[in-house]
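Here are the chains, one letter per residue:
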Amino acid sequence: MNIAANNGVWSGSWVAERLGVELVGDDGLTALLGLALRRNPRRAHLLVSNVLGKHVPQSPSVVYGHGFALGRRVRDLLGEREARQAVVLGYAETATGLGHSVADGIGLAPYLHSTRRPVAGVTPAGGFEESHSHATSHLLLPEDPALLSGEGPLVLVDDEFSTGNTVLNTIRDLHARYPRKRYVVVALVDMRSSEDAGRLTDFAREIDARVDLVAAASGTVKLPEGVLEKGQELVARYEASAATGDQPGAAPSGPAAQFSAPLEGVALTHRGVRAPSEGVAPEADDPFTRPGARVTARSAPTGPQPDDNRTTPHRSHLTRIDLRWPHGLPDGGRHGFTPAHRIRLETALPTMAARVAEALPPGARRVLTLGFEELMYTPLRIARELEALVAAEVRYSTTTRSPVLAVDDPGYAIRSRLVFPAHDNPADGPGERYAYNVAGAGFDAVVLFVDSAGDTPELHAPGGLLDRLGAHAPHVLLAAVPSYVPALPEESPAMLPEPLRGPAFSSYPAEDVGWLLQDLSDVTLEAPTEEREEAIQSGGAHYAESLPVEYQPSEQYQALFHAALETSAARIAQAVGVVTETVMAERSPRPVLVSLARAGTPVGVLMRRWAQFRYGVDLPHYAVSIVRGRGIDANALRWLAAHHDPRDVVFVDGWTGKGAITRELADAVAEFEARTGVSGFDPEIAVLADPGSCVRTYGTREDFLIPSACLNSTVSGLISRTVLRADLVGPDDFHGAKYYRELAGADVSVAFLDAVAARFAEVTEAVDAAVKELGVADRTPTWEGWAAVERISEEYGIHDVNLVKPGVGETTRVLLRRVPWKILARAGAGADLDHVRLLAEQRGVPVEEVGELPYTCVGLIHPKYTRGATGADGRAVSV
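A brief report on the enclosed structure follows. (Residues numbered from 1 in each chain as written. Predicted model: local features only at pLDDT ≥ 70, side-chain atom pairs only at ≥ 80, totals over all residues. Heavy atoms only, no water.)

## Considering the overall build of the protein
- Within the protein, the secondary structure is distributed over 21 helices and 32 strands.
- Expressed as a percentage of its 879 residues, the buried residues of the protein come to 60%.
- In the structure as shown, the protein presents an accessible area of about 32,300 Å², 51% of it carried by carbon and sulfur atoms. (Helix = DSSP H or I, 4+ residues; strand = E, 2+ residues; numbered from the N terminus. Buried < 20%, exposed > 50% of the residue type's maximum accessible area, 1.4 Å probe, protein only. Areas by Shrake-Rupley, 256 points an atom, 1.4 Å probe, with all protein chains shown as cover.)

## Focus: the pairing of strand E25 (residues 649-655)
- Extensive coverage of E25 is indicated by the burial of seven of its seven residues.
- With four bridges connecting them, strand E22 (residues 592-597) and E25 associate as parallel partners. Among the inter-strand pairings, Leu 593 is bridged to a residue of E25, identified as Val 650.
- One ladder, built from four bridges, connects E25 with strand E26 (residues 685-689); its direction is parallel. Note that in E26 the partner of Asp 653 across the bridge is Val 687. (Pairing = 2+ DSSP bridges.)

## Re the packing of helix H5 (residues 165-177) against helix H6 (residues 194-207)
- The N-to-C vectors of H5 and H6 enclose an angle of 5°; their axes lie 11 Å apart at closest approach. Judged on the interaxial angle alone, H6 and H5 are roughly parallel. From H5, Asn 165, Leu 168, Ile 171, Arg 172 and His 175 reach across to H6, where they touch Arg 199, Leu 200, Phe 203 and Ile 207.
- When grouped by side-chain class, the residues that make up the contact of H5 with H6 number five nonpolar, two polar and two charged. (Axes fitted to C-alpha atoms, helices over the stretch in contact; angles between N-to-C directions. Parallel < 35°, antiparallel > 145°, perpendicular 65-115°, else oblique. Contact = heavy atoms within 4.5 Å. Nonpolar A, V, L, I, M, F, W, Y, C, P; charged D, E, K, R; others polar.)

## Regarding the sheet that holds strand E32 (residues 857-861)
- Taken in spatial order, the four strands make up an open sheet running E29-E32-E30-E31, and their pairing is mixed. The sheet terminates laterally at strand E29 (804-806) and strand E31 (847-850), the two strands that pair on one side only. Direction aside, the axes of adjacent strands within the sheet are offset by 20° on average.
- Pairing analysis gives four bridges linking strand E30 (residues 820-826) to E31, with the strands arranged parallel. Across the sheet, the residue bridging to Ile 823 is Val 847, located in E31.
- In this fold helix H19 (residues 784-795) packs onto E29, E30 and E32, with an angle of close to 140° to the strand it touches most, E29.

## Section: the nonpolar core
- Formed by 134 residues in total, the largest nonpolar core has its most connected members in Leu 37, Val 155, Val 186, Leu 323, Tyr 412, Leu 448 and Leu 469.
- For Val 186, the contacting residues outside a window of four places in its chain are Leu 70, Val 74, Val 102, Val 155, Leu 156, Val 157, Asp 158 and Val 214.
- By size, the runner-up hydrophobic cluster in this structure holds 102 residues, among which are Ile 626, Ala 689, Ala 829 and Leu 838. (Core = buried A, V, L, I, M, F, W, Y, C linked by side-chain atoms within 4.5 Å.)

## So, the environment of Leu 596
- Considering the arrangement of structural elements, one finds Leu 596 in strand E22.
- Residue class for Leu 596 comes out buried when judged on its relative accessible area of 2%.
- Distance in space between the C-alpha atoms of Leu 596 and Val 627 is 9.6 Å, their sequence separation being 31 residues.
- In contact with Leu 596, not counting residues within four places along its chain, are Thr 601, Val 624, Ile 626, Ile 632, Phe 651, Val 652, Asp 653, Ile 661 and Ile 685.

## Section: H19
- A rise of 1.5 Å per residue sets the reference length of H19, with its twelve residues, at 16 Å; its end C-alpha atoms lie 16 Å apart and thus fit the reference within 8%.
- Along H19, the residues that are buried comprise Gly 785, Trp 786, Ala 788, Val 789, Ile 792 and Ser 793. Projected onto a plane normal to the axis of H19, the buried residues spread over an arc of 160° and lie on a single side.
- Looking at the buried positions of H19, the neighbouring elements they touch are helix H16 (660-676), E29, E30 and E32.
- Just past H19, the residue Gly 797 takes up positive phi, approximately 65°. (Expected span 1.5 Å × (residues − 1). Arc of directions from axis to C-beta.)

## Quick word on the sheet that holds strand E8 (residues 154-161)
- Pairing in this open sheet of six strands is mixed, and the strands run E1-E10-E9-E8-E4-E5 from one edge to the other. The sheet terminates laterally at strand E1 (22-25) and strand E5 (111-113), the two strands that pair on one side only. Taken pair by pair, the neighbouring strands of this sheet meet at an average axis angle of 25°, ignoring direction.
- Sheet topology places E8 next to strand E9 (residues 182-190); seven bridges connect them, and they run parallel. Bridge assignment links Val 155 to a residue of E9, and that residue is Val 184.

## Considering unusual backbone geometry
- Ala 92 connects to Glu 93 through a cis peptide bond whose omega is -5°.
- Following the sequence through the fold, Glu 93 ends up in the loop between strand E4 (87-90) and helix H4 (96-106).
- Of note, the bond from Gly 502 into Pro 503 is cis; its omega dihedral lies within 30 degrees of zero at 0°.
- Relative to the elements of secondary structure, Pro 503 occurs in the loop between strand E17 (475-481) and strand E18 (514-515).
- Positive phi is not limited to glycine here, since Glu 373 has a value of about 50°.
- Residue Glu 373 is classed as buried on the basis of its relative accessible area, which comes to 8%.
- For Asn 425, which is not glycine, the phi torsion reads 50° and is therefore positive.
- By the element assignment, Asn 425 lies in the loop between strand E14 (417-421) and strand E15 (432-436).
- Judged by its relative accessible area of 60%, Asn 425 is exposed.

## Looking at the pattern of salt bridges
- Summed over the entire model, instances satisfying the criterion amount to 44 salt bridges.
- Between Lys 54 and Glu 93 there is a salt bridge; the shortest N-O distance is 3.4 Å. Taken together, the positions of Lys 54 in the loop between strand E3 (45-49) and helix H3 (60-85) and Glu 93 in the loop between E4 and H4 put the pair 39 residues apart, joining distant regions of the chain.
- Note that Arg 741 is salt-bridged to Asp 519, the shortest N-O span being 3.7 Å. In this pair, Arg 741 sits in the loop between strand E28 (736-737) and helix H17 (749-757) while Asp 519 sits in strand E19 (residues 518-519), placing the two residues 222 residues apart along the sequence.
- According to the relative accessible area criterion, Asp 519 is partly exposed, its value standing at 34%.
- Salt bridges here are not isolated pairs; linked through shared partners, they connect Arg 117, Asp 331, Arg 334, Glu 374, Asp 424 and Asp 451. (Salt bridge = Lys/Arg side-chain N within 4 Å of Asp/Glu carboxyl O.)

## Quick notes on the packing of helix H14 (residues 600-615) against H17
- Taken N-terminus to C-terminus, the directions of H14 and H17 make an angle of 40°; their axes are 10 Å apart at the nearest point. By the angle class used here, H14 and H17 are oblique. Crossing handedness for the pair H14 and H17: right-handed. On H17, the residues that touch Pro 602, Val 605, Leu 606 and Arg 609 of H14 are Val 750, Phe 752, Leu 753, Asp 754, Val 756 and Ala 757.
- Partitioning the contact of H14 with H17 into residue classes produces eight nonpolar, no polar and two charged. (Left-handed = near helix turned anticlockwise from the far one by under 90°.)

Printed below as a string of structure tokens:
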């Protein structure tokens, strides 16, 4: 493999020839862009920038020069007076360095970039979604909230402008909060269609503001009919080849041979085709090249495969570099970067670059400076200084979250890929990260820049990024920059811990859910069911102050569970798909799922899995406690507000009964907003089943058996229901719960998820049809379930709606955790109630068939219960 030079071949020709993709536009367009493929349900091709410094190692002078030149054009457009009032906003992760460079070109503009890394204690000033992205929501976390509230122009910087959706989402969000009269959109390339270009004009008219666009080049991508399916098939076949070790390369053989010839009738349209700046000597008057910069290319040894993840922990030599970073200087624009910060950085750059130069091995000919995800600007500026100090050829790129197919062919933009685990404890859980075009590039040394939040044991572990780099460069150097965190006001609430995750807490994989709870596993909280019931009904204790003894199912009951799962898995899968698609279409394209522990947690995990299956996105998912009569855990809301935009939070539960929790959540959110001033949380719950007609977002309104309701902790990650007791939960603590590790032998939590997820593919068409129907249906809650509960409470002389539990799920809970009085079953309910009948028989509870019942069944808790009560008919209850 020779990544160092493409021998004059355009790095988009491989994709263009196989899929018929055409780039049409400015003469310099193909010098700026190559093409690659990725697995994505909306767009198979990926535009790969040659001058961004993300996927393709490039001269740091070229990377910085393009951004700086764009900034100069913005300054000329605005004029001196408006340029002095401008604020620049860059997009994470790809454009954080580009946005910095544009701000430098404008001159005195402060800079802020969005971030996917929440910072504890820093309240978001806004946020938005990148609809095509694989990663989490964008947060805006300025140290100075006034940064975004001025009246001057806002300059938004991204690497490419493809549809305009991201920019429109951002402007819409910020304009509602901080209206202004002028916006400037900046991108390296403008690839919008004529229809999308018109949308921006219409949008500017709608908000009564001027919106200008500045780009280094413009054009369009022409896609033939069926290109998405062809691209997905091509990616799948190459990934299958990689999995078997038969990775296709530049000279196709085996499975790759069938892709070696262009598709019949395909024409490749581009102007001025040449290899990108990598490997091309600049013109003498190139304004992007600094004196002393070396940009000649050298051949690299062949050998590594596109996915080359060998580990050779003893091959390379690791050297730490102390940059002597200026105290208190932000490492970038995550919390704002002012002109004063820029002056401090400019002053310190020569010394820091010199320290890197001193640490390089003697005789190094080719050096890569590698940034870390959003940390792009600092390594770029140091690399640019380094370029003028050393004789070696210096290249610059950064690691990324973005998964892209690698193919070792000169006409393909991503020649190789290193895969390694995330090493900065991301809020959305563990995941893979990537470094492209590093393996096989012939680097003598790699200088890795990370901030201190990323300098973790995972970085240094076998298989970690340092280990991966060590397999491809004899010298690896590490420079850690202190992660800047704004000083919190003294009156700030106490810092909250990070979410608990499996396997330390729960049997779910760590990435499936983060529990915003405290672990009370070592505290004895269980009490006999009858004792708890008497205390609850007498007012002596709240139900959340203790736990019922975990029900251990008989073999007969376990067999019923597995039979129910087998027959209902597809039905549940369809409901999961419908509610997830509805949430992503109507609430947020990248929602933050927040399950109401614990019944909502399996549903939240399944929704997350559907989003992965259908769209390849990893949605953040947390579980929080809500307690009837006490409200939702306010500290959990505080943690969520500090780490995500509250407007992206979607509360998830398993099902609705009479709607008590729906009302509880609405009241609790309103109280939280009034007390803290933090707004944006939508209290409407998304549920798998809404038989009570209490919500607008649901998978179905049928009352059917959801097997996760049949069991307790053994189908919910071995986590108990939540606990709220004053002697255990302080004012700054999360609510508590227990992890029943001792029940691992009976755990079916993951088996339940796998059984449902296995049916996703077969229900996709049904889901799409159901979502389409729901889109035009009247889903206004009727609260008919609440009316039915009130009627039953009076008819049966209970006079307490809290003792009437409607629906299959709630009835099951009555039989497992409370003292049941009787079960009302709709006539002809059938197999959905087999497990209810068995539990009722085991507990001596009568099942009464009722003709008119809006639910499949209703469980009635024994009214006015004391341990002196006898029988199940309620006639011998002590008063």
